[in-house]
Amino acid sequence: MTEPATGRWGSSYHAPVMVDEVVALLGGADQVLDCTLGGGGHSDALLASGSSVVALDRDEAAITEARKRLASYEASGRFLAIRGNFGEIDRIRELDGRAFDAILADLGVSSHQIDADERGFSFRPGALLDMRMDRRSTTTAAELLNTLDEAELSHIFREYGDEPRATRLARQIVHRRQRKPMHVSDDLVDAIRGAFGARMGPGDFARLFQAVRIAVNEELEVLERALPLLRDKLKPGGRLAVISYHSGEDRLVKHTMREWSQACVCPPRQLQCTCRGKPLGQLITKRPLTASSEQTALNPRSRSARLRAWRSAA
């Protein structure tokens, strides 16, 4: 049996998802932009397919790890790693004037970030409430939980965590932090159980911790800004692929790609078209691709992955 791509291209730092699907969509493209380098698995596979890759990541540790892994490609001039946020590619000097045949954005958190307690992404006992993807940022999860008011916290858990009882949890956090500031994962876990009862388990913790992480890193705001910037970095006929792990992310990607694929985006009751009058490109994936059973068995974190792709007009 063929080895699952996650196993072949994974490393101790990160297990990338849907590598075969990404290569099928983007592989062989001359110039590729990998917006989320992580452990370098997707970049490695794309380089092996014959592409040259420029890769971004806001995590310095990811850049260091991937450069070690891809040193031979870097030495040959086919790989370049840049520390930066893909939501700010219009401000990255090294990308000025460059266009790409294919672009990939894998919106997930790397396995290393989740597994490293000092990064504060997990709900393992004693993990710091940090959750910053870019450690140059000053806003940690602890600061957010200790300073936002009840309405703001409720918004985070409702919108990013799909929690219908978000106000109850927000009120519990505000109450608890008056006695003791939120500092480690146990503090948030205890607040969740205090709000909803002792039966809350790992799935609930993962969902609500993810909501805090999304807020800390402004992930949906970054994605909303990034998508048109990435589109404009494509050459004519270029392909954009996005892997999302959260319903809000996938919804934003789906609606954006569909809007780009429409000839007219004027209001329904407007009598005369005053918009662009033609589609900017077309959908490659009518529905999102999902990880295979082999991949999810090897990497359970891939279960929520959704891959969508779009092609710019030639």
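All figures in this text were calculated on a predicted structure; none of them were measured in a lab.

Criteria and cut-off values
Residues numbered from 1 in each chain as written. Predicted model: local features only at pLDDT ≥ 70, side-chain atom pairs only at ≥ 80, totals over all residues. Heavy atoms only, no water. Helix = DSSP H or I, 4+ residues; strand = E, 2+ residues; numbered from the N terminus. Rg over C-alpha atoms; globule rule 2.2 N^0.38 Å. Buried < 20%, exposed > 50% of the residue type's maximum accessible area, 1.4 Å probe, protein only. Contact = heavy atoms within 4.5 Å. Lys, Arg positive; Asp, Glu negative; His and termini not counted. Charge placed at Lys NZ, Arg CZ, Asp CG, Glu CD. 1 Å grid on protein atoms, 1.4 Å probe; cavity = no way out; pocket = protein on both sides within 12 Å on 5 of 7 lines; lining within 4 Å. Points joined across faces, edges and corners; volume = space filled by probe spheres on them. Nonpolar A, V, L, I, M, F, W, Y, C, P; charged D, E, K, R; others polar. Core = buried A, V, L, I, M, F, W, Y, C linked by side-chain atoms within 4.5 Å. Arc of directions from axis to C-beta. Phe/Tyr/Trp six-rings, centres within 6.5 Å; stacked < 30°, edge-to-face > 60°. Lys NZ or Arg CZ within 6 Å of the ring centre and 35° of its normal. Salt bridge = Lys/Arg side-chain N within 4 Å of Asp/Glu carboxyl O. pLDDT = per-residue confidence, 0-100. Pairing = 2+ DSSP bridges. Axes fitted to C-alpha atoms, helices over the stretch in contact; angles between N-to-C directions.

A. Examining the overall build of the protein chain more closely. For the protein chain, the helix and strand inventory stands at 14 helices and seven strands. Its C-alpha radius of gyration of 20 Å places the protein chain within 12% of the 20 Å reference for a compact globule of 314 residues. Counting only C-alpha atoms, the protein chain reaches 60 × 60 × 40 Å along its principal axes. A total of 314 residues make up the protein chain; the buried ones form 51% of that total. Intrachain contacts of the protein chain at a sequence separation of at least 6 include 66% that bridge at least 24 residues. Looking at charge distribution, the protein chain has the averaged site of its 45 positive side-chain charges lying 4 Å from that of its 42 negative ones.

B. Region of interest: empty space enclosed by the protein. Counted under the stated rule, the structure contains two cavities of 30 Å³ or more. Computed from the structure, the second largest cavity encloses a volume of approximately 40 Å³. Forming the boundary of the second largest cavity are Lys254, Met257, Arg258, Leu283, Thr285, Lys286 and Arg308. Tallying contributions element by element places helix α13 (residues 247-260) first for the lining of the second largest cavity, with three residues. When the residues that make up the lining of the second largest cavity are grouped by side-chain class, the tally is two nonpolar, one polar and four charged.

C. Representation of the nonpolar core. Ranked by size, the top nonpolar core spans 32 residues in total, and within it Leu129, Leu145, Phe157, Leu169, Ile173, Leu188 and Ile192 carry the most contacts. If you list the elements that add at least two residues to this core, you get α7 (141-147), α8 (150-159), α9 (166-179), α10 (185-196) and α11 (202-216). By residue number, the principal contributor to this core is α11, which donates eight residues. The contact partners of Leu129, leaving out residues within four places of it in the chain, are Thr140, Ala141, Ala142, Leu145, Met182, His183, Val184, Ser185, Leu188 and Phe209.

D. How the structure looks around helix α2 (residues 19-26). Regarding α2, the residues found buried are Val19, Glu21, Val22, Leu25 and Leu26. Taken around the axis of α2, the buried residues stretch over an arc of 160 degrees, which confines them to a single face. Gly28 sits one or two residues past α2 and shows a positive phi near 85 degrees.

E. Summary view of the environment of Leu229. With respect to the helices and strands, Leu229 occurs in helix α12 (residues 219-232). Under the relative-accessibility criterion, Leu229 is labelled buried at 18%. For the pair Leu229 and Phe205, spaced 24 residues apart in sequence, the C-alpha to C-alpha distance is 34 Å.

F. Region of the structure containing the packing of aromatic side chains. The full count for this structure, using the stated rule, is one aromatic pair. Positioned above the aromatic ring of Phe196 is the side chain of Arg165, whose terminal nitrogen or guanidinium carbon lies 4.1 Å from the ring centre.

G. Quick peek at the pattern of salt bridges. A complete count under the given rule lists 18 salt bridges for this structure. In this structure, the salt-bridge partner of Arg207 is Asp204, at a minimum N-O distance of 3.3 Å. Here Asp204 and Arg207 lie together in helix α11, a separation of three residues that amounts to about one turn. The salt bridge involving Asp232 is made with Arg231; its shortest N-O contact spans 3.1 Å.

H. Spatial organisation of the environment of Glu21. Note on placement: Glu21 falls in helix α2. Apart from the residues lying within four places of it in its own chain, the contact partners of Glu21 are Leu289, Thr290, Gln295 and Leu307.

I. Structural detail: the confidence of the model for the protein chain. Of the residues in the protein chain, 91% have a pLDDT of 70 or more, and the chain-wide mean is 89. Mean pLDDT across the secondary structure elements of the protein chain bottoms out at helix α6 (residues 111-115), with 55, and peaks at strand β1 (residues 31-34), with 98. Across residues 1-6, where pLDDT falls below 50, the model places 13 contacts with residues more than four positions away in sequence or in other chains.

J. Just the sheet that holds strand β6 (residues 281-283), in detail. Strand order in the open sheet formed by seven strands is β3-β2-β1-β4-β5-β7-β6, with mixed pairing between adjacent strands. Two strands bound the open sheet, and with one partner strand each, they are β3 (79-83) and β6. Taking each pair of neighbouring strands and ignoring which way they run, the sheet shows an average axis angle of 15 degrees. As paired strands, β1 and strand β2 (residues 52-57) are joined by four bridges and run parallel to one another. Residue Val32 lies in a different strand from β2, and its bridge partner there is Val53. Packed on one face of the sheet, α13 meets β5 (234-244), β6 and β7 (306-312) and runs near 20 degrees to β7.

K. Quick look at the environment of Asp250. Take Asp250: it is sitting in helix α13. Once the C-alpha coordinates of Asp250 and Leu280 are considered, the two residues, 30 residues apart in sequence, prove to be 20 Å apart. If we skip the residues at most four places from it in the chain, Asp250 touches Ser244, Arg306 and Arg308.

L. Inspection of unusual backbone geometry at higher detail. Phi is positive for Met18, close to 55 degrees, though the residue is something other than glycine. In this structure, Met18 sits in the loop between α1 (5-9) and α2. When its relative accessible area of 0% is taken as the criterion, Met18 is described as buried.

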